[in-house]
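# Coordinate analysis (summary)
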4 protein chains.
Amino acid sequence: MSSKITPHTVSPPKKIRVGVLGATGTVGQRFITLLSDHPWFIIEALGASERSEGKKYREAVKWKQTIPLGGLGLGGIGTSETEKINSTDLRTDDGRVADLIVKACVPENFRNCQLVFSGLDADVAGDIESAFRAANIPLFSNAKNYRRDPHVPLIVPLVNPSHFSIISQQQRLQSPPLSKGFIVTNANCSTTGYVIPLAALEKAFGPIESVLVTTMQAISGAGYPGVPSLDILGNVVPYIGGEEEKIEWETLKILGGIIDSETESDKNGTPLKTFDMHQAGGQPALRVSASCNRVPVIDGHMECVSLRFHRRPPPSPQQVREALSAFTPEVQALGCPSAPRKAIEVFEEPDRPQPRLDVKGSHNGAGVSVGRVRQCQVLDIKFVVLSDNVSIGAATSSIINAEYAVLKGVVS
Amino acid sequence: MSSKITPHTVSPPKKIRVGVLGATGTVGQRFITLLSDHPWFIIEALGASERSEGKKYREAVKWKQTIPLGGLGLGGIGTSETEKINSTDLRTDDGRVADLIVKACVPENFRNCQLVFSGLDADVAGDIESAFRAANIPLFSNAKNYRRDPHVPLIVPLVNPSHFSIISQQQRLQSPPLSKGFIVTNANCSTTGYVIPLAALEKAFGPIESVLVTTMQAISGAGYPGVPSLDILGNVVPYIGGEEEKIEWETLKILGGIIDSETESDKNGTPLKTFDMHQAGGQPALRVSASCNRVPVIDGHMECVSLRFHRRPPPSPQQVREALSAFTPEVQALGCPSAPRKAIEVFEEPDRPQPRLDVKGSHNGAGVSVGRVRQCQVLDIKFVVLSDNVSIGAATSSIINAEYAVLKGVVS
Amino acid sequence: MSSKITPHTVSPPKKIRVGVLGATGTVGQRFITLLSDHPWFIIEALGASERSEGKKYREAVKWKQTIPLGGLGLGGIGTSETEKINSTDLRTDDGRVADLIVKACVPENFRNCQLVFSGLDADVAGDIESAFRAANIPLFSNAKNYRRDPHVPLIVPLVNPSHFSIISQQQRLQSPPLSKGFIVTNANCSTTGYVIPLAALEKAFGPIESVLVTTMQAISGAGYPGVPSLDILGNVVPYIGGEEEKIEWETLKILGGIIDSETESDKNGTPLKTFDMHQAGGQPALRVSASCNRVPVIDGHMECVSLRFHRRPPPSPQQVREALSAFTPEVQALGCPSAPRKAIEVFEEPDRPQPRLDVKGSHNGAGVSVGRVRQCQVLDIKFVVLSDNVSIGAATSSIINAEYAVLKGVVS
Amino acid sequence: MSSKITPHTVSPPKKIRVGVLGATGTVGQRFITLLSDHPWFIIEALGASERSEGKKYREAVKWKQTIPLGGLGLGGIGTSETEKINSTDLRTDDGRVADLIVKACVPENFRNCQLVFSGLDADVAGDIESAFRAANIPLFSNAKNYRRDPHVPLIVPLVNPSHFSIISQQQRLQSPPLSKGFIVTNANCSTTGYVIPLAALEKAFGPIESVLVTTMQAISGAGYPGVPSLDILGNVVPYIGGEEEKIEWETLKILGGIIDSETESDKNGTPLKTFDMHQAGGQPALRVSASCNRVPVIDGHMECVSLRFHRRPPPSPQQVREALSAFTPEVQALGCPSAPRKAIEVFEEPDRPQPRLDVKGSHNGAGVSVGRVRQCQVLDIKFVVLSDNVSIGAATSSIINAEYAVLKGVVS
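Quick caveat: nothing in here was measured; it's all calculated off a predicted structure. (Residues numbered from 1 in each chain as written. Chains lettered and ligands numbered in written order. Predicted model: local features only at pLDDT ≥ 70, side-chain atom pairs only at ≥ 80, totals over all residues. Heavy atoms only, no water.)

The next point concerns the UniProt feature "active site" (unreviewed entry) in chain A. Residue and element names in this part refer to chain A. Per the UniProt annotation, the sites labelled "active site" (unreviewed entry) are Cys 189 and His 301. Judged by maximum C-alpha separation, these annotated positions cover 113 residues in sequence but sit close together in space, the widest gap being only 8.1 Å. Assignment of secondary structure puts Cys 189 in helix 6 (residues 189–205). Setting aside residues no more than four positions away along its own chain, Cys 189 makes contact with Glu 243, His 301, Ser 387, Asn 389 and Gly 393. Looking at the secondary structure, you find His 301 in strand 11 (residues 301–309). (UniProt positions renumbered as here; feature names shortened; annotations may be inferred. Helix = DSSP H or I, 4+ residues; strand = E, 2+ residues; numbered from the N terminus. Contact = heavy atoms within 4.5 Å.)

Structure (structure tokens):
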């Protein structure tokens, strides 16, 4: 998974102006909370639907974060702890973002932004995101619309930032070809959480043959108003529309490599790059079976994972624990400021991690927590993984992706 | 799984006097609620710990049922709907049980009882239950103490009442041999719920090779005071002590047959009967892997099940649905009054069953509900099963076991 | 509060055909659950919005009751316990209601109904209910639209059914005057719950001078989808739009009498009857202060009430307990089948009633439960009252009102 | 309420060594979380029961805080935001506290501590706290045992730190008289929350005549294991043992002044100082009526308050809002590092504050939030107040009290 992009080890510019699309929604609010505290990115423009256009952000938004809108920029949550300590004495937001005028989501309103984050709903994200790319604006999207696009990478920043290497082809294939604009997506929240330990295990022990995952997902994953309280209070709903398909499909794209297409080529006859869906390079096709449940938890997706390795004999639970704990993703090594101090926190206590106690973990929501690593009587190994679906499962992933792009020079 | 006991098709005696041990506890309260409405059984004596001895039941108990103690016997819940309709005009409890004096759990106090139910805690159940058996009193226990005993059957009444056939050996092996006394146990609540569809599928399609089950268990399964609210409100706890081992082990005993032992024989040299743990008669050993979670639900264990059949090709989801829906356990055919009208209710809606809406189902908690039957990408079939852990998962199973024993003449 | 209507002590007709408007909504589902089990009323027609028109009810509705749609008519809940016992052997619904074709809410579709229940949303109830009255169909509405109408009674059946006496004036004032049609409303759920003990206390001890009530209301009071889970899980929302005003105003109309208007008269110069708003007949104006909160409870509104009597010295807590317990509303004496066996259940335990354990009480949701009666250091007496907001707080009140109207000959 | 203690405006010593009694309990864990981040206090010794004695703290404690034990000292929560920003670059805990050996709660083990915090349970606090005082160790207690002691001040730091003036008398009356040791208590959590706005209003508008308060209290207020989940999930319990009496009594001591006793005098015949219980100095006795409820909320006590002023006419809601917002307690003016930036945050939104969103507020749990200020139809004014029961309602109050004592020279 090494990157082919030339590393830029120089420091990033002090300030990179960014925009947020879908700023009043759940994911948008989260982007703003995180960005208001960011050491590089400064929020320049906010976009939302017609209903909000022209209003001050504080008047357009029904703010639902536990950090008050007036308290943004004070280092409450968001970036890594280390970063917080170093940066909070420099800046406070002082209500600047709350007073920004919300604009329509058209590229003209975001001309001053060097990159844009999208927390748009899927029903509008398709056209708007495409327009921003066409306007040569790099776009980091949390929406699902382009995840299956054969030229758009689906990047979990702790797993496959190397997939940024397909960006130049994406730009070249637009008409006219683009010099700066592109779309990068991050994955569905429940995929993101469990694919991180999978990546760590494939790195340590080679390909996984099959995975069974049963999720217990928090209500915040459904946005606002989202799940009616009558459906979930004191209840479990054993179904989340489309979720199982997303997990089963996205896992293959994320954990797979990039190869030359056998069917598609450019006008010069050069084969196009394409995603191998975990099926090439000698590795067996990975089979994934997901069962998704909604549970009455505010934040934090719990996932019970059982898996079988290709390698016989498989690693022991202790070897698995060590490999998970040792996993150091490239974004961390590279110094992305929002990367977690520790990608995977491994718990030894028998009853941990738990969403209410551990969702932020010691990684502040930017990593994941794994516990109960033990043998599976049917496959090889089973464990539970907890991820903060509103952090690494959503906005935080987009932001680390953008940080990586900046450090690698993909965004200039 | 046919029974070797001679069927008694004559009607049961109008009134069978029963006792309840552990009457003030969660399971005991449930026994009393169900029995106060029962067409055959009449509560004769209540036993509890020293703290309660000598008090009226209404003063000894901290009543936690949604049916008021003063409203017992009015057909609220408990027996099957059909039974309720036919019986409620005959009897009401009129506070009789509430006024019973609670006694110490010694056989002398239960001499007038033809059988006894035990809702005792495991830390005291061992000696007390043994004493009742020795005193020639049939005992139906919800406690775990004797479940692994090689001469005590572990009976889920909708699955393996045929295991009653080992009772005569259990009686013969006591010293002195017993004419009436015995211990029958029912299974752990999470085992009970999911083993019912497994039994239906083995009956229809032959042996299952492997099962992966992930549970989301209600707090009532832990008794009272049970789970502290700070541990579970808005949370998931991915661990229930001993529960995974119970599921993995109990399933084998319940779904297995009874064979001649190769190592144990009686004084005449006749081999003793023993449980084959799902390993004999040509069927492959069943592998079971369980992951247990506690969720903030009052009543109703949800279990996500994936399984692989021995038979190739495996049945289709539609065939599985039909086999589950058609399953008619012997206790139902025989006319046990507390048996469910339908053993397995199969939901077609994508998001059902759910604990809050469906825990009682159309079977009033005495059957189970299955939904989301679909193909598994790793094993063959996956589905979700919901069971009422305080009904079929506990007291209701003991009661149907006792009804079966009465109808079969095991209890006279 | 004696009624001026001539009592009809003859038995009601065996079957009275009724319709339900808003049949697919939360209140409509509740009407259907209760009516499917009713000894007199038989559901003849169901009305809902265009979206549902022409579909079978089972296909139009997203059924959210804990009694399965297929289990209606089996005596699960709804009518009083006594009634259930006597009636359930006669009838089961057998899926008849589930197969009814849903119709548009226009009077032509309900010509065969002798009376109609309305669970319509307030945004459409105004015109539809008015059209049904004009079409000479008696209508019992749970909607708020006509509660403040000076000719429409606002009736809590356990409190002020005597207000039916204004119906003849309501009919006479329509143009053309009506022989059968009228509108009767029942009160807001939180008003209904606490006004029942207030009525019992005024009956026993004379007028109340002031009441402070703080509510903790269940989510089912907001309908479906109603309260988003992100707003209420593990939370309290100290505001319910318009609720405090409703309580403060409705209480005065319900607890007041009917007097001759000083300003309005009919064409003959005879003064019209009007509601005195608890201000005439020598009784002082009642002051009511309400604070309303939403809490994460499924069913059951809890209300903490403090009040001051006009009488000095005020009654003691024990006298209050006795008066509440002794309260026998007219609908009960008259034999309305859905009236509770006991109107007010008084708990002596210090920590009861509680929604989860006591919402149905021994009155099956048709009465209320009061506990913690004690002195108030600021006013005279304080207590807590629990009512089943989806039963006596909604559909059950409409149904008892209709039963009363039948027994009194207001509906023929 | 001005203090008679000479202010010490010099900076406090860089490090003050402190101990924590009851260190493994809920309040103890909270003390440790807050202190690990404190600019002056450094944890020197931890005390707990025999069961924990001799173990490392990390092994003795079942850590239940959302900040990992290993993440202490990183500025997560605890001190004010301002303080956090300034201090976090200086110190991290680096696991030092987690490795401390837990000791028995006897003064000998705390000789190196300049002051001690007590989070002991009431059943052991009496003797232990008394022993620490006798050993001349200043003790700041969260336990209830000495709150009613006529020589022990009951101090809500944002309200009545002036009551520290009675400490010298407390020391003088011990035998032998003490030079350093004393006991200061802080109030019950539900008293603390609502007495802060009461104090602000009395300061602005003169004495309050009567208060009605209805609480909705979080489960964390009951400690661990505390409230069983079966009692509170989806439920409200309208009773908390002893809580109403505490509120009704503590309010009078906290809001009252200190006067010369008419009955008690020292050996020289000089009258002793005593608490006037809000009854002297021309102010009328305050009448308080409390109704306490437990609700399924993790952290944050909500209280609905209605009150009547002595002054006629009473202030308007807008005047009340302004007075609350303007309230600046002495501990804030004096510069206590844990004092909130704003003592009372006043919300204008109709549906705020809410526990889940606002419990930390912009004051990080060290102040309170008030909303819905409006006229009361029965008394004068009503509003809702939210306080963080585990911060200002418990350990934070003890810590601010200690800071005040240091700044005032009461602790040297």
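Residues and elements named next belong to chain A. Per-residue confidence for chain A gives a mean pLDDT of 91; residues scoring 70 or more make up 91%. Every residue in residues 1–10 is under pLDDT 50, and counting partners more than four places away or in other chains gives 19 contacts. Overall, residues 75–92 carries pLDDT values under 50, and its contacts beyond four positions in sequence, including any with other chains, amount to 45 contacts. (pLDDT = per-residue confidence, 0-100.)

It is worth spelling out the pairing of strand 7 (residues 208–217) of chain A at this point. All names here are of chain A. Along strand 7, nine of the 10 residues are buried, which leaves the element largely enclosed by surrounding structure. Taken together, the eight bridges between strand 7 and strand 11 define a ladder with antiparallel strand orientation. Residue pairing across strands places Thr 215 opposite Glu 303, the latter belonging to strand 11. Across eight bridges, the pairing between strand 7 and strand 10 (residues 287–294) is parallel. What sits directly across from Ser 210, in strand 10, is Arg 287. (Buried < 20%, exposed > 50% of the residue type's maximum accessible area, 1.4 Å probe, protein only. Pairing = 2+ DSSP bridges.)

The next point concerns the packing of aromatic side chains. Residues and elements named next belong to chain A. Overall, the coordinates contain 40 aromatic pairs over all chains when judged by the stated rule. Pairing Phe 117 with Phe 140 gives two aromatic rings, centres 6.0 Å apart and planes at 40°, and the pair type is tilted. Linking Phe 117 in strand 4 (residues 115–118) with Phe 140 in strand 5 (residues 138–141), this pair joins segments that are 23 residues apart in sequence. Accessibility assignment for this pair places Phe 117 and Phe 140 in one class, buried. (Phe/Tyr/Trp six-rings, centres within 6.5 Å; stacked < 30°, edge-to-face > 60°.)

To continue, consider the relation of the copies chain B and chain A. With an RMSD of 0.0 Å, chain B superimposes on chain A once it is rotated by 180° and translated 0.0 Å along the axis. Taken together, the rotation and translation relating the two chain copies correspond to the operation of a two-fold axis. Residue by residue, 100% of the interface of chain B is reproduced at the interface of chain A, so both copies engage with the same surface. (Least-squares fit on C-alpha atoms with pLDDT ≥ 70 in both.)

All right, on to the environment of D:Ile42 then. Residues and elements named next belong to chain D. Examined against the element boundaries, Ile 42 turns out to sit in strand 2 (residues 41–48). Among the residues examined, Ile 42 registers a relative accessible area of 25% and is labelled partly exposed. Along the chain, Ile 42 and Thr 66 lie 24 residues apart, while their C-alpha atoms are 21 Å from each other. Among all residues touching Ile 42, those that are not within four sequence positions of it are Lys 15, Ile 16, Arg 17, Val 18 and Arg 96.

Turning our attention to the interface of chain B and chain A. Taken together, the contact pairs 45 residues of chain B with 45 residues of chain A. In this assembly, chain B packs against chain A so that about 3500 Å² is buried in total across both faces, 59% of it on carbon and sulfur atoms. Counting the surface chain B buries against chain A, the share from its top three residues, B:Pro238, B:Arg356 and B:Val378, is 16%. Joining chain B to chain A, the criterion identifies six salt bridges. Across the pair B:Glu244 and A:Arg372 runs a salt bridge, and its minimum N-O distance is 2.6 Å. Where chain B meets chain A, there are 22 residue pairs in polar contact (both at pLDDT 80 or more). Elements supplying a minimum of two residues to the side of chain B that touches chain A: strand 7 (208–217), helix 7 (229–232), helix 8 (243–255), strand 10 (287–294), strand 11 (301–309), helix 11 (355–358), strand 13 (368–375) and strand 14 (381–387) of chain B. (Buried area = accessible area lost by both parts, 1.4 Å probe. Salt bridge = Lys/Arg side-chain N within 4 Å of Asp/Glu carboxyl O. Polar contact = N/O pair within 3.5 Å; in protein donor to acceptor, adjacent residues only side chain to side chain.)

What holds strands together in a sheet is hydrogen bonding between their backbones, with the strands either parallel or antiparallel. All names here are of chain C. Reading across the sheet, the six strands line up as 3-2-1-4-5-6 and stay open at both edges, with parallel pairing between neighbours. Lying at the two open borders of the sheet, with one neighbouring strand each, are strand 3 (102–103) and strand 6 (182–185). As judged from the six bridges shared by strand 1 (residues 16–21) and strand 2 (residues 41–47), these two strands associate in the parallel manner. Across the sheet, residue Val 18 finds its bridge partner in strand 2, namely Ile 43. Lying on the sheet, helix 4 (residues 122–134) is in contact with strand 1, strand 4 (115–118), strand 5 (138–141) and strand 6; it crosses strand 6 at an angle near 135°. (Axes fitted to C-alpha atoms, helices over the stretch in contact; angles between N-to-C directions.)

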